[in-house]
Amino acid sequence: MTPELVEVKDLKVHFPVTSGILRRTTGHVRAVDGISFSIRRGRTLGLVGESGSGKTTTGRALLRLVDITSGTVTLEGVDISAARSHELREIRPKMQMIFQDPLSCLNPRLSVADIIAEPLDENRRLARRERAHAIDQLMDSVGLLRAWVDRFPHEFSGGQCQRIGIARALALKPRLIVCDEPIASLDFSVQAQIVNLLRDLQDEHALAYLFISHDLSMIRHMADDVAVMYLGKIVERAPVNALFDAPMHPYTQALMSAAPSMPGTARRRRIVLEGESPSSSGPIAGCVFRSRCPMATAVCGQRAPSLATVAKDHRVACHLHPPILEPHTS
Amino acid sequence: MTGTLLEVRGLRTVFRTREKTVHAVNSVSFDLHEGEVLGVVGESGSGKSVTMMSLLGLLPSPPADIVEGTVTFDGRDLLSMDTAELRRICGAEIGFVFQNPMTSLNPVLTIGHQLMEPMRHHLGLSARAARSRAREFLDLVGIPDAGRRLNDHPHQFSGGMCQRVMIAMALSCTPRILIADEPTTALDVTIQAQILDLVASLRERFGMAIVWISHDLGVVADIADRVLVMYGGRIVETAPADDLFRRPRHPYTRALLETVPAAHRCGRGRLATIPGQTPTLVEAPRCCSFAPRCTIAITRCREEVPPAISLPGHREAACFLAGQHNDP
């Protein structure tokens, strides 16, 4: 059994809402509200959900880029959620992030070489020769020409900028990369290039990915396990095939039927959900999905379902799916 | 076969700036038949939106300049019309839904005001009649409590609801053509599903022709009867939707379909990619714009622009090899 690289337990991230001239806290947005998951070395966890479901906040909390309200995040056994800033400095090189908009996450005034080497300059002391060598190797590994080192971000296309972002993320040889919608802003033909690159790098360096996306077909292609988020909670978590072959939570089912059928496959019947996700500012009694769920019953309004194991490795938070008794509790 | 509602021939649009001229639309010709849903797909910069905006004179000129072409709508030439005449058509007979619903609505006016404006202008309705019709259409696109929501401002609506308002506005004068430019791109998939269902039901009810621009092949496969594929400012392939996705004839269409991970097959395989980048369009095409990235390009592809070749089954492909190349 491979030990877990990242373990998240009951993670909560709440943002205060202030109002009035005194900026008093009048409430909280429960962006992430008690989620648990783990990622093994070299594996990919896909995180799906609609806007506002807390995907990005989860990714940021993993790297401690936002303050964690409660719960723990451990990377290789080190508790990130409790780490002090000098401890964080030691942990951070092991975890990196790739952002959604490739151009806006690159400093327009730095050359490609300086962008890629920035994490190195910050964390390691390299001689000029070694630094140049490291840059060359990173550029090779993401498929950028070495001749481009002195160019600036505006001279590159979206796909190339994303490659620069990936090279920068790789510079410190991380164990975990949080990919926040890394291909959402790219054209189809370029998306495939970046996805293949991420795959190759994963195999080469045994990287673990938290792959955040709203594109179900990309998640299916990239992920080993998938977690579906709705309003700050994980409503279903399962290995990729189990989830796509037999989605159990009504929200997952609706999400999958709503995704446009891929060309050439038979058109499926769409489950069209009524309404939109409610706001995550107030506490919601019962199941978070209740207001849009086509199968909601009285019990859904009274009690929030917990994420329970309903089949092997398949966890669902829904009253319709009673938990099975696990043979042994570990 | 139903009649042709809109006929576009040899449309060419360029953008002139001080440094350079960008050839955004290069000799685009297509027909739109009554009651059909025409999907337009292509990557960013392929000229999808510019083509449609050129039809109605919606592009600011300068920098945009429609150099060549004719656009015939119902026997009238749209390109030679003056602004006043175009205004009578735009909104009344041809409705437009833009990509970003939040920025297309005026934030300081109420939803009701914005909905009533085209009806009062085009249909000459009184304020009272326009208001009741506005409520009717808001109800139709599935906004609850329509009567009260007319007094709300756009910021009180979510993205999906704003897009519904835009659709209600475009439909309120019962246009004969609805042009929707990436209407669901900014929305979540479950909201997108709601909008797609809505459009399908509205089309049944009003029988208008729809031009649906999207970069999402899945959405187009879902909604369109016929599809235009654009690349580098040209139409590279036209075909009935099912045939296009089952048997693409242009190498670009084929490559594009292969890059999409199919939902039914999965695993740790690699995705097919199209090497290289999309063309920059700084000069008028002198050869096939896809030739540099094409795997089957021949010398001729780099020397002349391939014309649209008619193929059996009401389809066309702008490729020298489309006629000969059989299915792999």
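Not measured: the values here are computed from a predicted model.

> Looking at this model, I keep getting lost on the overall build of chain B. Mind explaining?
If you tally the helices and strands in chain B, you get 11 helices and 12 strands. By the compact-globule yardstick of 20 Å for 328 residues, chain B fits well, its C-alpha radius of gyration being 21 Å. The buried share among the 328 residues of chain B stands at 52%. Looking at chain B alone, contacts between residues at least 24 apart form 64% of all its contacts between residues at least 6 apart. Entry remark: accessible area of chain B is about 14,300 Å², with carbon and sulfur atoms responsible for 50%. Taken together, the 34 basic and 35 acidic charged side chains of chain B have centroids lying 3 Å from each other.

> What's the story with the environment of Gln96 of chain A in this structure? I'm lost.
Residues and elements named next belong to chain A. For Gln96, the position within the fold is in strand β6 (residues 95–98). For Gln96, a relative accessible area of 16% corresponds to the buried category. The sequence separation of Gln96 and Asp79 amounts to 17 residues, and the corresponding C-alpha distance is 17 Å. Gln96 has contacts with Leu63, Ala169, Leu172, Pro174, Leu176, Ile177 and Val178, leaving out every residue within four places of it along the chain.

> Explain unusual backbone geometry here, please?
One can expect most non-glycine residues to show negative phi and most peptide bonds to be in trans. Residue and element names in this part refer to chain A. Its identity is not glycine, yet Asp10 carries a phi of approximately 50°, on the positive side. The topology assignment puts Asp10 in strand β1 (residues 4–19). Phi at Arg64 is positive, roughly 55°, even though this residue is not glycine. Relative to the helices and strands, Arg64 resides in the loop between α1 (55–62) and β4 (70–75).

> Explain empty space enclosed by the protein here, please?
Where empty space is left can be seen by rolling a probe of water-molecule size over the atoms. Residue and element names in this part refer to chain B. Under the definition given, this model contains 3 cavities of 30 Å³ or more. One number sums up the size of the largest cavity: a volume of about 70 Å³. Among the residues making up the lining of the largest cavity, the classes are represented as 10 nonpolar, 2 polar and 1 charged. In this model, the second largest cavity occupies a volume close to 40 Å³. As for the second largest cavity, its lining consists of His250, Pro251, Cys288, Phe290, Cys294, Ala297, Cys301, Cys319 and Leu321. Of the residues contributing to the lining of the second largest cavity, the split by class is 8 nonpolar, 1 polar and no charged.

> Please clarify how the pattern of salt bridges should be interpreted in this entry.
Side chains that differ in sign of charge can pair as their charged atoms come close. All names here are of chain A. If you walk through the whole model with that rule in mind, you get 28 salt bridges over all chains. Residues Arg40 and Glu4 are paired through a salt bridge, measuring 4.0 Å at the closest nitrogen-oxygen approach. On the criterion of sequence distance, the pair formed by Arg40 in strand β2 (residues 24–40) and Glu4 in strand β1 is long-range, its members being 36 residues apart. Residue Arg40 is classed as partly exposed on the basis of its relative accessible area, which comes to 30%. Residue Asp33 is joined to Arg30 by a salt bridge in which the shortest nitrogen-to-oxygen separation is 3.5 Å.

> For this particular structure, what's the right way to read helix α4 (residues 111–123) of chain B?
Each α-helix turn comprises 3.6 residues. Residues three or four places apart therefore point the same way. All names here are of chain B. An ideal rise of 1.5 Å per residue puts 18 Å on 13 residues; α4 measures up with 18 Å between its terminal C-alpha atoms. Those residues of α4 that sit buried are Ile111, Gly112, Gln114, Leu115, Met116, Pro118 and Met119. Backbone geometry just downstream of α4 places Gly124 in the positive-phi region, at approximately 65°.

> Would you take a moment to explain the interface of chain A and chain B for this structure?
Interface extent is often summarised as the accessible area lost during association of the parts. Counting residues at the interface gives 39 residues for chain A, matched by 45 residues for chain B. With both sides pooled, the region where chain A packs onto chain B buries about 3,700 Å², and carbon together with sulfur makes up 51% of that total. Counting across the interface, chain A meets chain B through 0 salt bridges. Run the count over chain A and chain B and you get 2 residue pairs in polar contact (both at pLDDT 80 or more). Of all the secondary-structure elements, those providing two or more residues to the side of chain A that touches chain B are α6 (188–205), α7 (216–222) and α9 (250–258) of chain A. It is α6 of chain A that contributes the most residues to the side of chain A that touches chain B, 10 residues altogether. Of the residues belonging to the side of chain A that touches chain B, the class tally is 13 nonpolar, 14 polar and 12 charged.

> Would you take a moment to explain the sheet that holds strand β7 (residues 176–180) of chain A for this structure?
Two pairing modes exist for strands in a sheet, parallel and antiparallel, and in both the strands are linked by backbone hydrogen bonds. Residues and elements named next belong to chain A. Strand order in this open sheet of 8 strands is β6-β7-β8-β3-β9-β10-β12-β11, and the pairing throughout is mixed. Of all the strands in the sheet, just β6 and β11 (308–311) have a single pairing partner and so form its edges. The mean inter-strand angle of the sheet, taken between neighbouring strand axes irrespective of direction, is 25°. As defined by bridge partners, strand β3 (residues 44–48) adjoins strand β8 (residues 208–213) across 5 bridges and the pair is classed as parallel. The partner of Leu45 across the bridge, within β8, is Leu210. Helix α5 (residues 158–170) rests against β6 and β7 of the sheet, and its axis sits at about 175° to β6. Here α6 sits on the sheet and contacts β3, β6 and β8; the angle it forms with β8, its principal contact strand, is near 160°.

> Help me understand the sheet that holds β1 of chain A in this model?
Strand order in the open sheet formed by 4 strands is β2-β1-β4-β5 (chain A), and the pairing between neighbours is antiparallel. The strands lining the two open edges of the sheet, one partner per strand, are β2 and β5 (78–79) of chain A.

> Hey, could you run me through the state of the cysteines in this one?
Linking two cysteines covalently via their sulfur atoms produces the bond known as a disulfide. The tally for this structure, following the rule as stated, stands at 0 disulfides over all chains. A disulfide-free cysteine, Cys105 of chain A has its sulfur positioned 8.1 Å from the sulfur of Cys161 of chain A, the nearest such atom. Lacking any disulfide linkage, Cys319 of chain B is separated from the closest cysteine sulfur, that of Cys301 of chain B, by 5.9 Å. Assessed through its relative accessible area of 7%, Cys319 of chain B is described here as buried.

> Is there a simple way to explain the pairing of β7 of chain A in this structure?
Here is the key point about a regular strand: its side chains alternate between the two faces of the sheet. Residue and element names in this part refer to chain A. Of all 5 residues in β7, 5 are buried; the element is thus mostly enclosed. A two-sided burial pattern is seen for β7, the buried positions comprising Leu176, Val178 and Asp180 on one face and Ile177 and Cys179 on the other. The pairing of β7 with β8 spans 5 bridges and is parallel. Bridging from a neighbouring strand, Cys179 pairs with Phe211 of β8. A crossover connection joins β7 to the parallel β8 through α6; in handedness this β-α-β unit is right-handed.

> Got a minute to help me understand the confidence of the model for chain B in this structure?
Low pLDDT means the predicted coordinates in that region are not meant to be read closely. Of all residues in chain B, 95% have pLDDT values of 70 or greater, and the mean over the chain is 85. If you check the scores for this complex, the pTM reads 0.80 and the ipTM reads 0.74.

Reading the values: rules and limits
Residues numbered from 1 in each chain as written. Chains lettered and ligands numbered in written order. Predicted model: local features only at pLDDT ≥ 70, side-chain atom pairs only at ≥ 80, totals over all residues. Heavy atoms only, no water. Helix = DSSP H or I, 4+ residues; strand = E, 2+ residues; numbered from the N terminus. Rg over C-alpha atoms; globule rule 2.2 N^0.38 Å. Buried < 20%, exposed > 50% of the residue type's maximum accessible area, 1.4 Å probe, protein only. Contact = heavy atoms within 4.5 Å. Areas by Shrake-Rupley, 256 points an atom, 1.4 Å probe, with all protein chains shown as cover. Lys, Arg positive; Asp, Glu negative; His and termini not counted. Charge placed at Lys NZ, Arg CZ, Asp CG, Glu CD. 1 Å grid on protein atoms, 1.4 Å probe; cavity = no way out; pocket = protein on both sides within 12 Å on 5 of 7 lines; lining within 4 Å. Points joined across faces, edges and corners; volume = space filled by probe spheres on them. Nonpolar A, V, L, I, M, F, W, Y, C, P; charged D, E, K, R; others polar. Salt bridge = Lys/Arg side-chain N within 4 Å of Asp/Glu carboxyl O. Expected span 1.5 Å × (residues − 1). Buried area = accessible area lost by both parts, 1.4 Å probe. Polar contact = N/O pair within 3.5 Å; in protein donor to acceptor, adjacent residues only side chain to side chain. Pairing = 2+ DSSP bridges. Axes fitted to C-alpha atoms, helices over the stretch in contact; angles between N-to-C directions. Disulfide = S-S within 2.5 Å. Right-handed = clockwise from strand over helix to strand, strands pointing away. pLDDT = per-residue confidence, 0-100.

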